[in-house]
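# Structural overview for review
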Amino acid sequence: MGNKLERNAALLGISALLLLLFAVAITVAVPLLQEDLYVASAAAPRYDDPKVAEGRRIYIREGCFYCHTQQVRTVAHDAAFRAPAGQTEDGKPAGDRPTEPGDYANDNPALLGSERTGPDLKYVAHRLPSKEWHIAHLKDPRSTTPGSVMPSYAHLPASELDALAEYLLTLRDWSIPVKTLAVYPGPNILDATDEIIPEEYRNLTNPFEIGDPQAIAIAEKVINEKQCLTCHGQDMRGMDASKGWAMKPYPTDWYAAAERHSVQFIYWIISEGTLKEDGTPSGMPAWRTLGLTDEERWALATYIKGLSQGQ
């Protein structure tokens, strides 16, 4: 009887060991044979700049990953967090996709996070490409995002805020160039006239009529996905110091823009972005290079222009 139990125990032990070895092979050895799981993809961020590396250390030290993830999932809810569609250097489509294992090959450790008290940051540099915006947001989150529950990091030295913002600007799909083709150097876009519209935009024909239900539906989807009202105000009346906005130029009042500018002017600004007086990019990026299609940009311009007619 005793010998039989011993034999069964030995057999059970050998079986358990074989099961363990099989599990290790499946979960560790086999994935190591899949290069795409650990070889850097074209989209993987790079941290060669010492300031960016320092910003990443600050991000970890301050526990930013407690409330922010850096992983875009395949579910529909995450569509707003994806990078804009674009092309890689070899002309192949890129962006507008969930993150993949190779996107984290340069990350040590990978800061995937587990909770979204705040928005996902994997592609935040595509949505918010302004370093000035990020610094202002870190100092006083409510000044850029009314109602935010994020704590202030104004206690950090200016050098650390700068490094942290530099790191945030690396959080993008690196296979898509980030380029803001800003066009209007001025403190207030509302001061401009239609005379400054470039020739290639001046005579374009809007494919939509003002009030077109299709244009409104497309525009509302864009406004929601790209979080346009975070900057332009939930009432679309713009943001300024009276509303706690810290940066200049202030985000534009869409109603005023609709009254003063043609739909071609609005389409042009949406497409190419703006510059500040010193020639550096303002918070308004070039949505032509950040993934909005011609149809989406025309729909948004038509929607804004329609505000002057009470659409």
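That block above? That's the structure.
Let me begin by describing the structure that accompanies this report. (Residues numbered from 1 in each chain as written. Predicted model: local features only at pLDDT ≥ 70, side-chain atom pairs only at ≥ 80, totals over all residues. Heavy atoms only, no water.)

This paragraph deals with the pattern of salt bridges. This model, assessed by the stated rule, comprises 14 salt bridges. Here D78 and R73 are joined by a salt bridge, their closest N and O atoms 2.9 Å apart. Overall, R73 belongs to the partly exposed group, its relative accessible area being 40%. Across the salt bridge formed by D103 and R97, the nearest N and O atoms sit 2.9 Å from each other. Both residues of the pair, D103 and R97, count as buried. Members of the salt-bridge network, linked through shared partners, are K51, K131, D162 and E166. (Salt bridge = Lys/Arg side-chain N within 4 Å of Asp/Glu carboxyl O. Buried < 20%, exposed > 50% of the residue type's maximum accessible area, 1.4 Å probe, protein only.)

Time to look at the packing of aromatic side chains. By the definition in use, this model includes six aromatic pairs. On the basis of an interplanar angle of 85° and a centroid distance of 5.4 Å, the ring pair of F265 and W268 is categorised as edge-to-face. Taken together, the positions of F265 and W268, both in helix α11 (residues 263-272) and three residues apart, correspond to about one turn of that helix. Over the ring of Y104 we find K122, and its NZ or CZ is 4.2 Å from the ring centre. The ring of W174 is capped by R172, whose NZ or CZ atom sits 4.2 Å from the centre of that ring. (Phe/Tyr/Trp six-rings, centres within 6.5 Å; stacked < 30°, edge-to-face > 60°. Helix = DSSP H or I, 4+ residues; strand = E, 2+ residues; numbered from the N terminus. Lys NZ or Arg CZ within 6 Å of the ring centre and 35° of its normal.)

Take the side chain of T99 next. Note that T99 resides in the loop between β2 (93-94) and α3 (124-127). Once you skip the residues sitting within four places of it in the chain, T99 turns out to touch Q71, V72, Y104, K122 and Y123. (Contact = heavy atoms within 4.5 Å.)

Further remarks concern the packing of helix α8 (residues 213-225) against helix α12 (residues 294-306). In a packed pair of helices, the relevant descriptors are the angle between the two axes and the axis-to-axis distance. Two elements in contact, α8 and α12, have axes whose closest approach is 8 Å; the angle formed by their N-to-C orientations is 100°. With respect to each other, α8 and α12 are oriented roughly perpendicular. Here α8 contributes Q214, A215, I216, I218, A219, E220, V222 and I223 to the contact with α12, which in turn contributes E295, E296, A299, L300, T302 and Y303. Here the contact of α8 with α12 is composed, by residue class, of nine nonpolar, two polar and three charged. (Axes fitted to C-alpha atoms, helices over the stretch in contact; angles between N-to-C directions. Parallel < 35°, antiparallel > 145°, perpendicular 65-115°, else oblique. Nonpolar A, V, L, I, M, F, W, Y, C, P; charged D, E, K, R; others polar.)

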